[in-house]
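Structural overview for review
Here are the chains, one letter per residue:
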Amino acid sequence: MPEANAPRPVPFRGGGFRPKSSLWVGAAVFALLITLWEIGSRTGIIHPLVLPAPSEAAEAFIDLYNSGLLWKHLGASLSRLAIGWTAGTLLGIAVGFSIGLFSLARAGLVPLVAAIFPIPKIALLPLFIIWFGIGEGSKVATILFGTFFPTVVATYGGVDNVDRGLIRMGQSFGLSWFSIVRKIILPGALPAILPGFRISAAIAIVLLVAAEMIGAEFGVGAYILLAGSLMAMDQLIAGVAILSAIGLTVSWIIGRTERLLLRWRT
């Protein structure tokens, strides 16, 4: 029989507000919204000219798949998105680290970034067409330019937020400049850089659609523009659903990358 004053185990309460993943909740919310949307369309609460039923959009998507045009539109959009976002991100990281690490670069580039960053990049699309032509160059340049600036801001902001005590400790132990950057500053800045990828990816998708609506034969944006001009609302919703799927896929990839590179935080 246990003693009355025997110590009892204390439950662990140091979870640190770590979020728990509940994928079924998100799937249930999507299913509920689509079900209500379908019911509203079938009962006439939602007019079909305003918003067609999800089943009609699914039929339009199947027709697009059967025609073989889905892969042409999707392949063109994904190639532009991959090239523009990757190039803009790499350049943004390089410039962001330069601003965060070198005083001369900070003094010269921060005012320039602050002046150009608020400009809507869609407004610069006609200028890019004049510079790079109506083909792929202007579309990729628009995406690159729009992705570059948020990545720069996220990167040098992450570098600035690295604990200076850790940097001084590295210097006290005689670490080289390169070792401090690689072992202290880069890991410390990643929690700010990786969420910036989500913002830049969303901006890239918006600019992709805008660029493809001007002089593109294939691409999801061109498909949506054609559907809107023909008042084919089911095809338009199908195109929007494709963009949503692209956004979800990119967000999932970035989330997996965050969990892989930021395991040290847990």
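Residues numbered from 1 in each chain as written. Predicted model: local features only at pLDDT ≥ 70, side-chain atom pairs only at ≥ 80, totals over all residues. Heavy atoms only, no water.

1. A closer look at the overall build of the protein chain
Helices and strands together make up the secondary structure of the protein chain, namely 10 helices and zero strands. Listed N to C, the secondary structure of the protein chain is α-α-α-α-α-α-α-α-α-α in terms of helices and strands. The principal-axis extents of the C-alpha atoms in the protein chain amount to approximately 75 × 70 × 30 Å. For the protein chain, the residues scored as buried account for 35% of the 266 residues in total. In the protein chain, of all internal contacts separated by at least 6 residues, the share reaching a separation of at least 24 is 71%. (Helix = DSSP H or I, 4+ residues; strand = E, 2+ residues; numbered from the N terminus. Buried < 20%, exposed > 50% of the residue type's maximum accessible area, 1.4 Å probe, protein only. Contact = heavy atoms within 4.5 Å.)

2. Describing the pattern of salt bridges
As enumerated under the stated definition, the model contains five salt bridges in all. Taking the shortest distance from any N to any O, the salt bridge between arginine 80 and glutamate 212 comes out at 2.7 Å. Of this pair, arginine 80 sits in helix α3 (residues 69–101) while glutamate 212 sits in helix α8 (residues 177–212), placing them 132 residues apart in sequence. Assigned by exposure class, arginine 80 and glutamate 212 land together as buried. Across the pair arginine 198 and glutamate 258 runs a salt bridge, and its minimum N-O distance is 3.2 Å. With arginine 198 in helix α8 and glutamate 258 in helix α10 (residues 233–261), this residue pair connects regions lying 60 residues apart in the sequence. On the basis of relative accessible area, arginine 198 is assigned to the partly exposed category, the value being 32%. Taken together, the shared-partner salt bridges connect Arg80, Glu136 and Glu212 into one network. (Salt bridge = Lys/Arg side-chain N within 4 Å of Asp/Glu carboxyl O.)

3. A look at the packing of aromatic side chains
Across all of its chains, the model carries 10 aromatic pairs by this definition. Ring pairs connect the aromatic residues Phe117, Phe128, Trp131, Phe132, Phe145, Phe148 and Phe149, which therefore count as one cluster. (Phe/Tyr/Trp six-rings, centres within 6.5 Å; stacked < 30°, edge-to-face > 60°.)

4. Focus: the environment of leucine 91
Tracing the chain through its elements places leucine 91 in helix α3. Judged by its relative accessible area of 44%, leucine 91 falls in the partly exposed class. Counting along the chain gives 16 residues from leucine 91 to glycine 75, while the straight-line C-alpha distance between them is 24 Å. Contacts of leucine 91, omitting those with residues within four sequence positions, involve Leu144 and Phe148.

5. What about the nonpolar core?
Judged by nonpolar contacts, the single largest core of 23 residues is most densely connected at Leu81, Val220, Ile242, Leu243 and Ile246. At the level of secondary structure, the elements contributing two or more residues to this core comprise α2 (54–67), α3, α8, α9 (220–229) and α10. Apart from the residues within four sequence positions on either side, leucine 81 is in contact with Thr86, Ile143, Ala204, Ile205, Leu208 and Ile246. (Core = buried A, V, L, I, M, F, W, Y, C linked by side-chain atoms within 4.5 Å.)

6. Observations regarding the side chain of threonine 147
Considering the arrangement of structural elements, one finds threonine 147 in helix α6 (residues 136–160). Once you skip the residues sitting within four places of it in the chain, threonine 147 turns out to touch Gly84, Trp85, Gly88, Thr89, Ser200 and Ala204.

7. Focus on the packing of α2 against α3
In the contact formed by α2 and α3, the axes pass within 5 Å of each other and the chain directions differ by 90°. Compared by their axis directions, α2 and α3 come out roughly perpendicular. When α2 is examined against α3, the residues Phe61, Leu64, Tyr65 and Ser67 are found in contact with a partner set consisting of Leu69, Leu70, Trp71 and His73. Residues belonging to the contact of α2 with α3 are distributed by class as follows: six nonpolar, two polar and no charged. (Axes fitted to C-alpha atoms, helices over the stretch in contact; angles between N-to-C directions. Parallel < 35°, antiparallel > 145°, perpendicular 65-115°, else oblique. Nonpolar A, V, L, I, M, F, W, Y, C, P; charged D, E, K, R; others polar.)

8. Section: a nonpolar patch on the surface
A contiguous nonpolar surface patch, about 430 Å² in accessible area, is contributed by Trp24, Val25, Val29 and Leu33. With respect to the helices and strands, the residue valine 25 is situated in helix α1 (residues 23–42). Note on valine 25: relative accessible area 37%, which makes it partly exposed. (Patch = residues over 30% accessible without salt bridge, like charges linked within 9 Å, V, L, I, M, F, W, Y side chains within 5 Å. Areas by Shrake-Rupley, 256 points an atom, 1.4 Å probe, with all protein chains shown as cover.)

9. Remarks on the confidence of the model for the protein chain
For the protein chain, per-residue confidence averages 86 on the pLDDT scale, and 91% of positions sit at 70 or higher. Least confident of the elements in the protein chain is α1, whose mean pLDDT is 84; most confident is α3, at 93. (pLDDT = per-residue confidence, 0-100.)

10. Here's the deal with α9
Within α9, the full set of buried residues consists of Val220, Gly221, Ala222, Tyr223, Ile224 and Ala227. In this structure, the buried side of α9 is in contact with α2, α3, α8 and α10. Once α9 ends, the next one or two residues include methionine 231, with phi positive near 55°.

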